[in-house]
Amino acid sequence: MENIKNLIVGCGFSGATLAYKIATELNEPVTIIDAKNHIGGNCYDYTDETGVCVHQYGTHIFHTNLKDVWDFVSQFTKWNPYMHEVRGYIDGQEVPIPFNLNSIHQVFPKSIADKLEEKLISRFGFNVKVPILELRKVGDEDLTFLADYIYEKVFLHYTLKQWGMKPEELDPAVTGRVPVYISRDNRYFQDTYQGIPLNGYTPVIEKMLAHPLITVRLNTDFNQIKETVSYERLFYTGPIDEFFNYELGELPYRSLKFDFVTFNKPYFQSGSVINYPNNYTFTRIGEYKYFLDDKTDKTVVSFEYPQAFELGKNERYYPIVKDENQTLYNRYLEEANSLSNVYFLGRLGDYKYYDMDKAIARALALFEEIKGR
Ligand code: FAD
Ligand code: UDP
C-alpha cells in the first residue's frame, strides 16, 4: 500500500490551485492524478499544426471580478487583454448577445426600437441587466412583445438544444448568465478583469504544478488505484456521485460533442464565437485564432453539439442546475461531510456551474479552511 500525504484527483484549475497552495505554503508533498493524458482539465489548450492555439474542450475566456483570483493567476502568466463579444445568428443577421440596445436597433425599425429603448430605460434604468425570465413577467404590452421576441429568437431553441429543456425548467440562474442588457456595451462579460493567458491555459497549469513537492501522474484513474493507496488527505475534483459509487443515484450532467474543422483560409467567421439559437443542431461555432490573434493562413473552428451525458460514452461538461438535482447533490454532500479527510471541490466535485474564476476561488477558500488542520 502506497502512503500519500496529500492526494488530489484531477489536474484542472481546481486541483492545480490546491496543489500549488499546499506545496508552496504548507511545504507538504502532493500527488495529483488525472485520468486524462494531459493536465488542465477542461481548460486544456495546445498549438496545433496550423499554429492556432486550440481549446480542446471549447472556447474558454477568463473573466472575473475577484481581484485575489486575478492576482493569483497573474503570477503564472501575462495576459492578452481580450474582451469577448458574441453574436447570435438571428433571421439572417449577426446580432449582439447578450441582447442589448444595439441588438434592438438592429432587428427592429427605428420607430419601434426607439420606443422599446425608452420603455426599457424608464422601467429598469440604463446599464441594467434583466434576466429574460424576469422581462417576461413585466405587464407592459410593448415590453412583453420584446420579451417574447427575445425569448423565442435567442433563448428557447438554444436552451432546448443545450439542455433538452425549456428555460423555465432550469434554475433561472442558467439563462440569467446571459441577461438582456439595457446598454450599448456589446461585450459578453462586464467583469473588471478579463483576458486570455498570453501563452494559453496549459502553460499556466504547468507552472502551477512545477514544484519539487508536486508529483503529477497522468493516465491515472482514481478508481483504478484507490485500493492500492492510502492518504492523509484526499481532494476530489471528479464527480461526487461517482466517488460514492452512485449509491444514491446518478447526478445528471450534460455533455457536448465538438467537431473541429480546419479551413484553408485566414478566417471563417466574424468573431471568436457565433451562436446559432435557431438554425442547425449545433449551438455555437468557436474560432480559436481570435483569442491570441494568431497570424496564420488557416483557421480552426469547432461546432458544438449538445448531448445527453451517458456514462462510459462521453464526458460530463455541465451539472444540470435545477432543484431536484440540487436535492440529490445535497444528500451526497451529507455523506461527504461525514468523511473526515476527504474534500470535494470543482465543477464536478461540488456539482456547481463554476466558471474558471469561481473554481479557483473555491480551491483558494478550501485551502484556507484546511491549512490549520
Ligand atoms: P475540470 O477542468 O473538469 O477538471 C477535473 C479533472 O478531474 C479532469 O481533468 C478529469 O479528467 C479529472 N478526473 C475526474 N474524475 C477522475 C478520476 N476518477 N480519476 C482521475 N481524474 C479524474 N469557464 C470560464 O471561466 N470561461 C469560459 O469561457 C468557459 N467556457 C467553458 C466552455 C465549456 C464548453 C465548458 C464545458 C466549460 C467552460 N468553462 C468556462 C468552465 C471551466 O471549464 C471550468 O470552470 C473549469 O474547467 C473547472 O475546473 P475544475 O478543475 O473544477 O474541473
Ligand atoms: N443562452 C441562450 N442563447 C444564447 C446564449 C445563452 O439560450 O444565445 C442560454 C442557454 O440556456 C445557455 C445559458 O444561457 O446554456 C448560459 O449561456 P452561457 O453562454 O453562459 O453558457 P456556457 O458558455 O457556460 O456554455
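Everything here concerns the structure above.
Because the structure is a prediction, the values reported are computed rather than measured.

Conventions used here
Residues numbered from 1 in each chain as written. Chains lettered and ligands numbered in written order. Predicted model: local features only at pLDDT ≥ 70, side-chain atom pairs only at ≥ 80, totals over all residues. Heavy atoms only, no water. Near = heavy atom within 4 Å. Polar contact = N/O pair within 3.5 Å; in protein donor to acceptor, adjacent residues only side chain to side chain. Areas by Shrake-Rupley, 256 points an atom, 1.4 Å probe, with all protein chains shown as cover. Helix = DSSP H or I, 4+ residues; strand = E, 2+ residues; numbered from the N terminus. Buried < 20%, exposed > 50% of the residue type's maximum accessible area, 1.4 Å probe, protein only. Bend = angle between axes of the 7 residues up to and from the residue. Pairing = 2+ DSSP bridges. Expected span 1.5 Å × (residues − 1). Arc of directions from axis to C-beta. Contact = heavy atoms within 4.5 Å. Nonpolar A, V, L, I, M, F, W, Y, C, P; charged D, E, K, R; others polar. Axes fitted to C-alpha atoms, helices over the stretch in contact; angles between N-to-C directions. Core = buried A, V, L, I, M, F, W, Y, C linked by side-chain atoms within 4.5 Å.

A.B. asks: Give a description of the site of ligand 2 that names residues and reports values.
C.D. replies: Not every one of the 16 residues close to ligand 2 is listed here, only the nearest: Trp163, Arg177, Tyr188, Tyr318 and Tyr353. Measuring from a nitrogen atom of ligand 2, one finds a backbone N or O atom of Val154 at 2.9 Å. For ligand 2, an oxygen atom lies 3.0 Å from a polar atom in the side chain of Asn275. A total of 530 Å² of accessible area belongs to ligand 2 in isolation, and the protein chains cover 94% of it. Contributions of two or more residues to the shell around ligand 2 are made by helix 6 (141–163) and helix 7 (172–176). Top contributing element to the shell around ligand 2 by residue count: helix 6, with six residues.

A.B. asks: Explain unusual backbone geometry to me, and be specific about the residues and the numbers.
C.D. replies: A negative phi holds for most residues other than glycine; trans holds for most peptide bonds. Residue Pro98 follows Ile97 across a cis peptide bond; omega there is -5°. Secondary-structure assignment places Pro98 in the loop between strand 8 (93–97) and helix 3 (101–107). Positive phi values are uncommon outside glycine, yet Asn219 reaches one of about 50°. Of the residues examined, Asn219 reaches a relative accessible area of 55% and is grouped as exposed. Although it is not a glycine, Tyr351 adopts a positive phi angle of roughly 50°. Counting through the fold element by element, Tyr351 comes out in the loop between helix 13 (346–349) and helix 14 (356–370). Here Tyr351 falls in the buried class, since its relative accessible area comes to 4%.

A.B. asks: Please set out helix 6 residue by residue, giving values where relevant.
C.D. replies: For helix 6, the principal kink sits at Glu152 and spans about 45°. Regarding helix 6, its N-cap is Asp140, as a side-chain oxygen of that residue lies 2.9 Å from the backbone nitrogen of Asp142 further along. Positive phi shows up at Gly164, right after helix 6, with a value of about 70°.

A.B. asks: Help me get a handle on the pairing of strand 16 (residues 284–287), residues and values and all.
C.D. replies: Put simply, side chains in a regular strand alternate between the two faces of the sheet. The side-chain alternation of strand 16 yields two buried faces, one formed by Arg284 and Gly286 and the other by Ile285 and Glu287. Sheet analysis places strand 15 (residues 273–275) next to strand 16, joined by three bridges and oriented antiparallel. In the strand pairing of strand 16, Asn275 is matched with Arg284. Pairing geometry for strand 16 and strand 17 (residues 299–308), over four bridges, is antiparallel. The residue of strand 17 that forms the bridge with Arg284 is Glu304.

A.B. asks: Got a sec to walk through helix 12 (residues 323–337)? Specific residues and values, please.
C.D. replies: The end-to-end C-alpha distance of helix 12 is 21 Å, a good match for the 21 Å that 15 residues give at a rise of 1.5 Å each. Asn325, Leu328, Tyr329, Tyr332 and Ala336 are the residues of helix 12 that are buried. The arc that holds every buried residue of helix 12, seen down its axis, measures 100°, which confines them to one face. More than 90 degrees from the buried face of helix 12, the exposed residues found are Asp323, Glu324, Glu334 and Asn337. Next to the buried residues of helix 12 lie helix 10 (240–243), strand 19 (342–344) and helix 13.

A.B. asks: Which residues make up the site of ligand 1, and what values go with them?
C.D. replies: In the neighbourhood of ligand 1, 34 residues make up the surrounding shell, with Ser14, Asp34, His60, Ile61 and Met356 lying closest. Take Ser14: an N or O atom from its side chain is 2.7 Å from an oxygen atom of ligand 1. Backbone polar atom of Phe222 to a nitrogen atom of ligand 1: 3.0 Å apart, as the coordinates give it. Burial of ligand 1 by the surrounding chains reaches 94%, relative to a free accessible area of 1000 Å². Broken down by secondary-structure element, the contributors of at least two residues to the shell around ligand 1 are helix 1 (13–25), helix 9 (222–225), strand 14 (253–263), helix 13 and helix 14. Within the shell around ligand 1, the residues separate by chemical class into 16 nonpolar, 12 polar and six charged.

A.B. asks: Could you give me a rundown of the sheet that holds strand 1 (residues 2–9), with the residues and numbers involved?
C.D. replies: Reading across the sheet, the five strands line up as 12-2-1-13-19 and stay open at both edges, with parallel pairing between neighbours. Edge positions in the sheet fall to strand 12 (214–217) and strand 19, since each of these pairs with one other strand and no more. Across the sheet, the mean angle from the axis of one strand to that of its neighbour is 30°, orientation sign disregarded.

A.B. asks: Residues and numbers for the nonpolar core, please.
C.D. replies: Judged by nonpolar contacts, the single largest core of 76 residues is most densely connected at Phe13, Phe62, Phe99, Ile104, Ile150 and Phe235. Of all the elements, helix 6 adds the most residues to this core, at nine residues. The contact partners of Ile150, leaving out residues within four places of it in the chain, are Phe99, Ile132, Leu135, Phe155 and Val180. Residues Tyr44, Phe243, Phe244 and Val342 belong to the second largest nonpolar core, which totals 34 residues.

A.B. asks: Talk me through the sheet that holds strand 17; I want residue IDs and the actual numbers.
C.D. replies: Spatial ordering of the open sheet is given by 8-7-15-16-17-14-18, a layout of seven strands whose pairing is mixed. Since the sheet does not close on itself, it has two edges, and those belong to strand 8 and strand 18 (318–319), each with one partner. In the sheet, strand 7 (residues 86–90) pairs with strand 15 via three bridges, with the strands oriented parallel. Paired with Gly88 across the strands is Asn275, a residue of strand 15. Sitting on the sheet, helix 6 is in contact with strand 7, strand 8, strand 14, strand 15, strand 16, strand 17 and strand 18, with an inclination near 100° to strand 14.

Limitation: the analysis is restricted to geometry and does not speak to function.
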